[in-house]
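# Commentary on secondary and tertiary structure
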Amino acid sequence: MARFSGKTAIITGSSNGIGRAAALLFAKDGANVTITGRNSERLEETKQQILSAGIPENKVNSVVADLTTEKGQDEVINSTVAKFGQLDILVNNAGAAVPDTQGNTGTDQNIDIYHKTFQLNLESVIRITQKAKAHLIASKGEIVNVSSIAAGPQAQPGFIYYAISKAALDQYTRSTAIDLVQHGVRVNSVSPGLVVTGFTNAMGVPDTGSKNFYDFMASHKECIPLGKSGQPDDIANIILFLADRNLSSYIVGQSIVADGGSTLVMGCQVHDMKTMLGL
Ligand code: NDP
């Protein structure tokens, strides 16, 4: 029997990237899935990929919604419970590095970008978690949040607001994990490094710039020691692992890093001592 057979999962941000990959894997592994995003065409593409894998249409609930709105949050939760009768797994994946259209970076970034970033990457997660809580307690369910290695401890001067929103999300994961474990609900997180998705496009970077960026990162060992960028499935498989109580039941409130080794290197370490000593 498929391992998520009889379970219902909401995967936010499943109209693209990591969320799409996770939704497809959950559906292939037997779960009823709610897929959601603002872009109806891309969301339909996710749905078609699921149907093409032979999953019956009645196992897919597709909801076009903006998760920074209360209406969108309610639609996602309520339509899931109305259609499938329960909620077992909540994947809080939707997120973005909100671009500063004026091109300001670092400490000059407009405070408006801070508000928009926190509204999506943190506040929507808090609100959806609150709204899903009773259903997850009823099912003794799982929450998997999608954070980022940008949360630290390394500095991120180019993405300050994005980085601090993910750092806050990590503390939210830890704190909610302890709050909810007493009710039988497990909360964990995954912290990806660079993954090839729509993430840079959502920042306003065109396809060529995105490709250059991925190629640069993959070919510089001080960026990704593994020598290649991550793919959505690399993260989606961890999400499913953390949502699978048979495999990960003793992991509570942790974030699993998947970054090809990025966080283990410091820039200076790529130069050998002999070169640095100049002897
Ligand atoms: P994508 O841009 O490919 O996917 C982001 C998803 O979030 C899309 O489905 C998008 O849907 C959805 N989304 C964005 N804003 C909203 C909103 N207001 N309401 C509802 N849905 C929204 O990027 P990724 O797959 O890479 O991002 C997924 C998660 O992974 C994010 O939390 C990101 O921070 C994290 N991450 C990504 C990394 C990477 O290198 N790619 C690295 C570290 C972390 P739509 O546009 O249709 O609204």
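For the structure, see preceding data.
What you are looking at is a predicted structure, and each value in this text was computed from that prediction instead of being measured.

What follows covers the overall build of the protein chain. Helix and strand counts for the protein chain stand at ten helices and seven strands. A compact globule built from 279 residues would reach a C-alpha radius of gyration of about 19 Å, and the protein chain, at 19 Å, matches this within 12%. Reported as C-alpha extents along the three principal axes, the dimensions of the protein chain are approximately 70 × 40 × 40 Å. Excluding contacts between residues fewer than 6 apart, the proportion of contacts in the protein chain whose partners are at least 24 apart in sequence is 73%.

Moving on: the side chain of Asn-92. Of note, Asn-92 is situated in strand 4 (residues 89-92). By relative accessible area, which is 2% here, Asn-92 ends up buried. In terms of polar contacts, Asn-92 uses its side chain to reach the side chain of Thr-129, at 3.5 Å. Beyond its immediate sequence surroundings of up to four residues, Asn-92 is in contact with Thr-12, Val-125, Ile-128, Thr-129, Ile-143, Val-144, Asn-145 and Val-146.

A few words now on the site of the ligand. The full set close to the ligand counts 30 residues, and Ser-15, Arg-38, Asn-93, Tyr-162 and Thr-197 are the nearest of them. At 2.9 Å from an oxygen atom of the ligand is found a main-chain nitrogen or oxygen belonging to Gly-198. Relative to its unbound accessible area of 880 Å², the ligand is 94% covered by the protein chains. Mapped by element, the contributors of at least two residues to the shell around the ligand are helix 1 (17-28) and helix 5 (160-181). Each residue belonging to the shell around the ligand can be placed in one class, and the counts come to eleven nonpolar, 15 polar and four charged.

Under the defined criterion, the tally for this structure stands at eleven salt bridges. Notably, a salt bridge pairs Asp-29 with Arg-3, separated by 2.9 Å at the nearest N-O pair. Here Asp-29 is found in the loop between helix 1 and strand 2 (32-37), whereas its partner Arg-3 is found in the segment before strand 1 (8-11), with 26 residues between them in sequence. Between Arg-186 and Glu-142 there is a salt bridge, with the nearest N and O atoms lying 2.8 Å from each other. Of this pair, Arg-186 sits in strand 6 (residues 186-192) while Glu-142 is found in strand 5 (residues 142-146), placing the two residues 44 residues apart along the sequence.

This part covers the packing of helix 4 (residues 111-139) against helix 5. Taken N-terminus to C-terminus, the directions of helix 4 and helix 5 make an angle of 15 degrees; their axes are 9 Å apart at the nearest point. Classed by the angle they form, the pair helix 4 and helix 5 counts as roughly parallel. As helix 4 packs across helix 5, the resulting crossing turns out to be right-handed. Between helix 4, through Ile-111, Ile-113, Tyr-114, Thr-117, Phe-118, Asn-121, Leu-122, Val-125, Ile-126, Thr-129 and Lys-133, and helix 5, the contact on the second element is made entirely by Tyr-161, Tyr-162, Ile-164, Ser-165, Lys-166, Ala-168, Leu-169, Tyr-172, Asp-179 and Leu-180.

This part covers helix 2 (residues 40-52). Taking 1.5 Å of rise per residue, the 13 residues of helix 2 would be expected to cover 18 Å, and the 18 Å separating its terminal C-alpha atoms lies within 8% of that figure. For helix 2, the elements touching its buried residues are helix 1, strand 2 and strand 3 (60-64). Two or three places before Glu-41, at the start of helix 2, stands the capping residue Asn-39, its side-chain oxygen 3.1 Å from that residue's backbone nitrogen. Immediately downstream of helix 2, the backbone of Gly-54 shows phi near 90 degrees, a positive value.

Per the stated rule, a full pass over the model turns up six aromatic pairs. Plain terms: the ring middles of Tyr-114 and Phe-118 are 4.6 Å apart, the flat faces sit at 35 degrees to each other, and that makes the pair tilted. Of this pair, Tyr-114 and Phe-118 both sit in helix 4, separated by four residues, roughly a single helical turn. Given a relative accessible area of 26%, Tyr-114 falls into the partly exposed group. Among the aromatic side chains, those forming a connected cluster through ring pairs are Tyr-114, Phe-118 and Tyr-161.

Let's shift gears to the nonpolar core. In a soluble, globular protein the nonpolar side chains are often hidden away together inside. Ile-11, Phe-26, Val-33, Ile-50 and Ile-239 are the most contacted members of the largest nonpolar core, which has 32 residues in total. Where this core is concerned, the elements lending two or more residues are strand 1, helix 1, strand 2, helix 2, strand 4, strand 5 and helix 8 (232-243). Per element, the largest residue contribution to this core is eight residues, and it comes from helix 1. Not counting the four nearest positions on each side in its chain, Ile-239 is found in contact with Ile-18, Ala-22, Phe-26, Val-91, Val-144, Val-146 and Val-190. In this structure, Val-76, Leu-87, Ala-94 and Ala-177 belong to the second largest nonpolar core, which totals 17 residues.

The parallel open sheet is built from seven strands, whose spatial order is 3-2-1-4-5-6-7. In the strand order of this sheet, the two ends are held by strand 3 and strand 7 (255-258), each with one partner. Neighbour-to-neighbour, the strand axes of the sheet open up by a mean angle of 15 degrees, direction not taken into account. Docked against the sheet, helix 3 (residues 70-84) engages strand 1, strand 2 and strand 3, running at close to 160 degrees with respect to strand 3. Each of strand 5, strand 6 and strand 7 is contacted by helix 5, which is oriented at about 160 degrees to strand 6, the strand it contacts most.

Parameters at a glance
- Residues numbered from 1 in each chain as written.
- Predicted model: local features only at pLDDT ≥ 70, side-chain atom pairs only at ≥ 80, totals over all residues.
- Heavy atoms only, no water.
- Helix = DSSP H or I, 4+ residues; strand = E, 2+ residues; numbered from the N terminus.
- Rg over C-alpha atoms; globule rule 2.2 N^0.38 Å.
- Contact = heavy atoms within 4.5 Å.
- Buried < 20%, exposed > 50% of the residue type's maximum accessible area, 1.4 Å probe, protein only.
- Polar contact = N/O pair within 3.5 Å; in protein donor to acceptor, adjacent residues only side chain to side chain.
- Near = heavy atom within 4 Å.
- Areas by Shrake-Rupley, 256 points an atom, 1.4 Å probe, with all protein chains shown as cover.
- Nonpolar A, V, L, I, M, F, W, Y, C, P; charged D, E, K, R; others polar.
- Salt bridge = Lys/Arg side-chain N within 4 Å of Asp/Glu carboxyl O.
- Axes fitted to C-alpha atoms, helices over the stretch in contact; angles between N-to-C directions.
- Parallel < 35°, antiparallel > 145°, perpendicular 65-115°, else oblique.
- Left-handed = near helix turned anticlockwise from the far one by under 90°.
- Expected span 1.5 Å × (residues − 1).
- Phe/Tyr/Trp six-rings, centres within 6.5 Å; stacked < 30°, edge-to-face > 60°.
- Core = buried A, V, L, I, M, F, W, Y, C linked by side-chain atoms within 4.5 Å.
- Pairing = 2+ DSSP bridges.

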